[in-house]
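The primary structure of each chain is shown beneath.
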Amino acid sequence: MDLKIGRKVTDFSISAIMGERDALVKKVAGLTDEQATFLPPSSPDVKPFVRRSCATPGADSLQQVEFPDTTTSDDDDALLIPAGSAGPAAAVVREEKALSRELLHVQCHLEMKELWEKFNDLGTEMIITRSGRRMFPTLRVSFSGLDMKTSYVVLLDVVTMDNKRYRYAYHRSSWLVAGKGDPVHSSKLYSHPDSPFSGEQLRKQIITFEKVKLTNTEVNKPGYIVLNSMHRYQPRIHLVVDRGEDNLMKLLKTDADLDNFDCKTFAFPECAFYSVTAYQNQLITKLKIDCNPFAKGFRDSTARHSHFLSAPSTPSLRIKIN
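Residues numbered from 1 in each chain as written. Predicted model: local features only at pLDDT ≥ 70, side-chain atom pairs only at ≥ 80, totals over all residues. Heavy atoms only, no water.

### Points about the pattern of salt bridges
The line we're drawing: The salt bridge definition used is simple: a Lys or Arg side-chain nitrogen within 4 Å of an Asp or Glu carboxyl oxygen. Per the convention used, a helix needs a DSSP run of H or I reaching at least four residues, while a strand needs a run of E reaching at least two, with both numbered from the N terminus. For every residue, the accessible area obtained with a 1.4 Å probe (protein chains only) is divided by the maximum for its type, and the residue is called buried under 20%, exposed over 50%, and partly exposed between those limits.
Enumeration according to the criterion identifies eleven salt bridges in this entry. Between Arg203 and Glu200 there is a salt bridge; the shortest N-O distance is 3.0 Å. Highlighted residues: Arg203 and Glu200, both in helix α4 (residues 199–204), separated by three residues, approximately one helical turn. For Glu200, a relative accessible area of 29% puts it in the partly exposed group. A salt bridge links Lys286 to Asp290, with the shortest nitrogen-to-oxygen separation between them at 2.9 Å. With a gap of four residues between them, Lys286 and Asp290 both fall in helix α6 (residues 282–291), about one helical turn apart. Residues joined in a network through salt bridges with shared partners are Arg101, Glu102, Asp147, Arg243 and Asp262.

### Some words on the layout of surface pockets
Under the convention used in this document: Cavity and pocket criteria rest on a 1 Å grid covering protein atoms alone: a 1.4 Å probe that fits but cannot get out defines a cavity, protein on both sides within 12 Å along at least 5 of 7 lines defines an open pocket, and an atom within 4 Å of a point defines a lining residue. Grid points are joined across faces, edges and corners, and a volume is the space filled by probe spheres set on the points. Residue type decides the class: Asp, Glu, Lys and Arg count as charged, Ala, Val, Leu, Ile, Met, Phe, Trp, Tyr, Cys and Pro as nonpolar, and the leftover types, Gly among them, as polar.
In this model, the second largest pocket occupies a volume close to 590 Å³. In this structure, the second largest pocket is lined by 21 residues; those nearest its centre are Arg134, Met135, Phe136, Asn292 and Phe294. Looking at the lining of the second largest pocket, the elements that each hand over two or more residues are β5 (125–127), β6 (133–134) and α6. For the lining of the second largest pocket, the element with the highest residue contribution is α6, accounting for four residues. Class assignment for the residues of the lining of the second largest pocket results in 13 nonpolar, three polar and five charged.

### Notes on the sheet that holds strand β4 (residues 107–110)
Quick reminder of the rule: Here, any two strands with at least 2 DSSP bridges between them count as paired.
Strand order in the open sheet formed by three strands is β4-β7-β13, and the pairing between neighbours is antiparallel. The open sheet is flanked by β4 and β13 (207–208), the only strands paired with a single partner. Two elements, β4 and strand β7 (residues 140–144), share four bridges in a ladder whose sense is antiparallel. Within β7, the position partnered with Gln107 by the bridge is Ser144.

### Quick look at the environment of Val241
Our working rule: Every residue pair with non-hydrogen atoms within 4.5 Å of one another is taken to be in contact.
Counting through the fold element by element, Val241 comes out in strand β16 (residues 232–242). With a relative accessible area of 2%, Val241 lands in the buried category. Sequence separation of Val241 and Phe261 is 20 residues, and the distance between their C-alpha atoms is 7.2 Å. Dropping the residues within four chain positions of it, Val241 is found in contact with Ser100, Glu102, Leu103, Thr150, Ser151, Tyr152 and Asp262.

### Here's the deal with the side chain of Thr124
Heads up, the rule is: Contacts described as polar in this section are N or O atom pairs within 3.5 Å, which, within protein, must combine one atom able to donate a hydrogen with one able to accept it, while residues neighboring in sequence count only if both atoms come from side chains.
Tracing the chain through its elements places Thr124 in the loop between α3 (113–122) and β5. Classification of Thr124 as buried rests on a relative accessible area of 1%. Reaching out from Thr124, the side chain makes a polar contact with the backbone nitrogen of Asn120 at a distance of 3.3 Å. The contacts of Thr124, once residues within four sequence positions are left out, are Phe119, Glu270, Ala272, Phe273, Tyr274 and Ile284.

### Details of the nonpolar core
Within soluble globular proteins, side chains that are nonpolar generally end up buried alongside one another. Applied cut-off: Working definition of a nonpolar core: buried Ala, Val, Leu, Ile, Met, Phe, Trp, Tyr and Cys residues. They are joined through side-chain atoms within 4.5 Å.
Counting 33 residues, the largest nonpolar core has Phe143, Val154, Leu202, Phe209, Leu214, Ile237 and Leu239 as its most contacted members. Listing elements by their share of this core, those giving two or more residues are β4, β7, β8 (151–160) and β16. Beyond its immediate chain neighbours, meaning those up to four positions away, Ile237 contacts Leu139, Val141, Phe143, Val154, Leu155, Leu156, Phe209, Lys264, Thr265 and Phe266. In this structure, Val240, Leu248, Phe261 and Cys263 belong to the second largest nonpolar core, which totals nine residues.

From the geometry alone we can't say anything about function, so treat these as descriptive.
This is the structure:
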């Protein structure tokens, strides 16, 4: 009796897994069998193509931009996160519902953009402490396309970018995914203390969030934003139309409250940061000392220390005082 021995394809074989992958791609992309022949060959080493959406503020229709996944494996539960992988420089705009006339053409512009990009290239870090620490670079924005007769409220919040916890690998100078993220604190809205603004006032001003403090402890004080250490966050700017509601500031406490008002949200990818209790990347420490005007003491002490190390040794002198 002749026996025909063939390769059996089980649900656990590489061929079966790759076949399921191709079928899934065809189904999601809506490809025909003929179009599917142009797909690249399946391989366990091929990284998935990740879609991230961004929009240029003020555009009539949101332009979808895709960025390939640039993460690489370090071990079974860790992924390498490139420092400058925050995406494009344009502000990402949240437009979940039709915008009102007062918000339709509004654009938000990031001030000190070049400084933010320098930090973003290294992987921006922000210190969080029990007593609270101010952000540097400081978030400064301006607006255009405003209705001059309309009153606006400007708010800020900081939200997690994913449900992951990170660690810094010194030998690779990169951030790695270390596991599942901690429970998220409630995202409270920080209202700029000078709000509300008229459109005419807001057009002429640079809005600065210099008084905001980042903390890792629950605090019931205005101006404090509670974050988890070793997580990645994205600041967001919200512009709300003030139509004369009573106690509007008290009604705007969390992100969910924004759905009850005419609002437009902006987020700048280069402002994303890792929350830390101590700086992990020495290049970030150096850049903060060099650029932060409040770090003058650190610069002076560093200069004195360098001068001391470079000064030639001289014999000590004994002076007798009568």
